[in-house]
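For reference, the chains in residue letters:
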Amino acid sequence: MSTSFARDFPAVPHHRWHAQKVGQMGDPDDRTAKTYYLIDATNAPEAELRVLAWIHHDYADDLQYAVASADSVEQEASRWRVEVEWDARPRT
């Protein structure tokens, strides 16, 4: 399941759900980019929404076309790896 940009994000706590950016890569055609995060959550939809909320809260990135997908981290209960795919084309 994937989560797209939402208008109502959860409040971002001071600890930011222990979110960490762990990598990124661009697309060869410069249309999309992907970033990877780790975050605490109870399930995949919550992890996806939390990462988007954290990015929206802490950074000025345009999330309108971003899509997040989460997978559980093996051997780390309540820890999720989230991939966010961005539309990297310049806005006019």
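Fair warning: this is a prediction, and the values are worked out from it, not measured in the lab. (Residues numbered from 1 in each chain as written. Predicted model: local features only at pLDDT ≥ 70, side-chain atom pairs only at ≥ 80, totals over all residues. Heavy atoms only, no water.)

Enquirer: Hey, could you run me through the side chain of R50 in this one?
Expert: Along the chain, the position of R50 falls in helix α1 (residues 44-58). You can call R50 buried: its relative accessible area is 17%. Excluding residues within four positions of it along the chain, R50 makes contact with W17, I39, D40 and A41. (Helix = DSSP H or I, 4+ residues; strand = E, 2+ residues; numbered from the N terminus. Buried < 20%, exposed > 50% of the residue type's maximum accessible area, 1.4 Å probe, protein only. Contact = heavy atoms within 4.5 Å.)

Enquirer: Sorry if this is basic, but what is going on with the sheet that holds strand β4 (residues 67-72) here?
Expert: Hydrogen bonding along the main chain pairs the strands of a sheet, whether they run parallel or antiparallel. Taking strand neighbours across the sheet as the criterion, the five strands line up as β1-β4-β5-β3-β2 in an open arrangement whose pairing is antiparallel. With partners counted over all chains shown, the strands left at the sheet margins are β1 (2-4) and β2 (20-26), one partner each. Across the sheet, the axes of successive neighbouring strands diverge by a mean angle of 25°, strand direction being ignored. Relative to strand β3 (residues 32-40), β2 is paired through six bridges, and the arrangement is antiparallel. The residue of β3 that forms the bridge with K21 is Y37. The sheet contacts of α1 involve β1, β2, β3, β4 and β5 (79-87), and relative to β5 the element is tilted by about 55°. (Pairing = 2+ DSSP bridges. Axes fitted to C-alpha atoms, helices over the stretch in contact; angles between N-to-C directions.)

Enquirer: I tried to follow the side chain of D87 on my own but got confused; where do I start?
Expert: Mapped onto the elements of the fold, D87 is located in strand β5. Relative accessible area serves as the criterion here: at 18%, D87 is assigned to the buried category.

Enquirer: When you look at the pattern of salt bridges in this model, what are you seeing that I'm missing?
Expert: Close approach of charged atoms lets side chains of opposite charge pair. One pass over the full model with this rule turns up three salt bridges. Of the charged contacts, one joins R50 and E46 as a salt bridge, the two residues approaching to 3.5 Å between their closest N and O atoms. Of the two residues, R50 and E46 are both situated in helix α1; the distance of four residues between them amounts to about one turn of the helix. According to the relative accessible area criterion, E46 is partly exposed, its value standing at 24%. (Salt bridge = Lys/Arg side-chain N within 4 Å of Asp/Glu carboxyl O.)

Enquirer: It is not clear to me how the packing of aromatic side chains should be interpreted in this structure. Could you clarify?
Expert: Any pair of aromatic rings gets described here by the distance separating the centres and the angle formed by the planes. Counted according to the given criterion, the structure contains one aromatic pair. Seen in terms of ring centroids, Y37 and W54 are 5.5 Å apart; in terms of plane orientation they differ by 90°. Their pairing is edge-to-face. Taken together, the residues Y37 in strand β3 and W54 in helix α1 connect sequence positions 17 residues apart. The exposure class assigned to W54 is buried, which follows from its relative accessible area of 7%. (Phe/Tyr/Trp six-rings, centres within 6.5 Å; stacked < 30°, edge-to-face > 60°.)

Enquirer: Just to check I follow, could you spell out the nonpolar core for this structure?
Expert: Burial of nonpolar side chains together is a common tendency in soluble globular proteins. Grouped together as the largest cluster of nonpolar side chains are 22 residues, with contacts concentrated most on I39, I55, V82 and V84. Within the residue set of this core, elements represented by two or more residues are β3, α1, β4 and β5. With seven residues, α1 is the largest single contributor of residues to this core. Apart from residues lying up to four places away in sequence, V82 is in contact with T35, Y36, Y37, I39, A47, E48, V51, A68, S69 and A70. (Core = buried A, V, L, I, M, F, W, Y, C linked by side-chain atoms within 4.5 Å.)

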